[in-house]
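Tertiary structure, described
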Amino acid sequence: MSTEKQFVASPESKAKAKQLRLFALLAWIVAIAGQVFAILKLISDETLTYLIIAIVILLALALTGSWLWKKANRLDPASEKDKVKFFFQNQFGAIMGVLSFLPLVILILTNKDISGKTKGVAGAIAVIAMLVAGIAGVDFDPPSIEKYTEEINQQTDVVKKLNFDNDNVFWTRAGNRYHIFDDCQHIRGRDEINNGSVKASWDEKGISELCKTCQARAMRERNIQDLEEPILEGADILED
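Sequence order as written defines residue numbering, which begins from 1 separately in each chain. It should be noted that, the model being predicted, local features are given only for residues of pLDDT at least 70 and side-chain atom pairs only at 80 or more, the latter also being counted only at that level, while totals for whole chains, interfaces and linings use all residues. Side-chain calculation: all heavy atoms of the structure are included, whereas hydrogens and water are not.

Focus on the pattern of salt bridges
Where side chains of opposite charge bring their charged atoms close, a pairing between them can arise. Threshold: Any carboxyl oxygen of Asp or Glu that lies within 4 Å of a side-chain nitrogen of Lys or Arg is treated as forming a salt bridge with it. A run of DSSP states H or I qualifies as a helix once it reaches four residues; a run of E qualifies as a strand once it reaches two. Both are numbered from the N-terminal end. Three labels apply to residues, based on accessible area from a 1.4 Å probe with only protein chains included: buried if under 20% of the type maximum, exposed if over 50%, partly exposed otherwise in between.
The full count for this structure, using the stated rule, is nine salt bridges. Residue Glu-12 pairs with Arg-173 through a salt bridge whose shortest N-O separation is 3.5 Å. Pair noted here: Glu-12 is in helix H1 (residues 11-41) and Arg-173 is in the loop between strand E1 (169-171) and strand E2 (177-178), with a separation of 161 residues, a long-range link. Note that Asp-76 and Arg-21 form a salt bridge whose closest N and O atoms lie 3.7 Å from each other. With a gap of 55 residues between them, Asp-76 in the loop between helix H2 (48-75) and helix H3 (83-99) and Arg-21 in helix H1 connect regions that are remote in the sequence. A relative accessible area of 14% places Arg-21 in the buried class.

Let's talk about the side chain of Gln-155
Operational definition: Counted as a polar contact is a pair of N or O atoms within 3.5 Å, where, for protein atoms, one must be capable of donating a hydrogen and the other of accepting one, and residues adjacent in sequence contribute only when both atoms are in side chains.
Looking at the secondary structure, you find Gln-155 in helix H6 (residues 145-162). Polar side-chain contacts of Gln-155 include one of 2.6 Å to the side chain of Tyr-178.

Examining the nonpolar core
So the rule is basically this: Nonpolar core, defined: a set of buried Ala, Val, Leu, Ile, Met, Phe, Trp, Tyr and Cys residues in which side-chain atoms within 4.5 Å join the residues together.
One finds Leu-162, Tyr-178, Ile-180 and Trp-202 to be the most contacted residues of the largest nonpolar core, which totals 23 residues. Those elements that place two or more of their residues in this core are H6, E1, helix H7 (198-205) and helix H8 (212-221). With five residues, H6 is the single largest residue contributor to this core. Ranked by size, the runner-up nonpolar core spans 21 residues in total, among them Ala-31, Ala-38, Ile-108 and Ala-122.

This is the structure we're talking about:
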């Protein structure tokens, strides 16, 4: 597979990714601040209910941070060549998810001033929350510049096969698919329709996929029975 079309995140994608990461960090900072408050004020038999509520809120903040961080990584992925940065950038959500609960878990389980019931209930809930936050923060299929580059070239080959050796495609600012035909029903009549190569659509929009409607139409019009590269996995008919 040719790697001439190297993926490079656009300045717009980098700026949006930076914004998302800042919001993720803010969510984790608030979660850690809430954890400190819970440690200082809520570890007691009398405040068990409030401690449980606080744990639920901390979990929501940790999960929000992880979701935002993963979304940012898909807009501006790391390179697999720098293994340390690649690992920490993609698994930072898991690390922060655990840190949002670990001190609280330790102090609940080692506190001698609360009853066994409080320790058991609060400790179990806190441990479960920590595990949920940690697992949810793990990116089991992390994006990378190399992976995007490979996908871009695979998609370019398929589009060329469908489009008379031409990889010119069309897309809109709000959509998440590119199109072979500018009169496709999903973009027809839009005020602004951009066009360029498959790589250009990725550079401008981040990760993108071929419109399934355009694929079916091109295969029908070009009398193509099958495609070697299955790039439409997960795509559906609801396009923009």
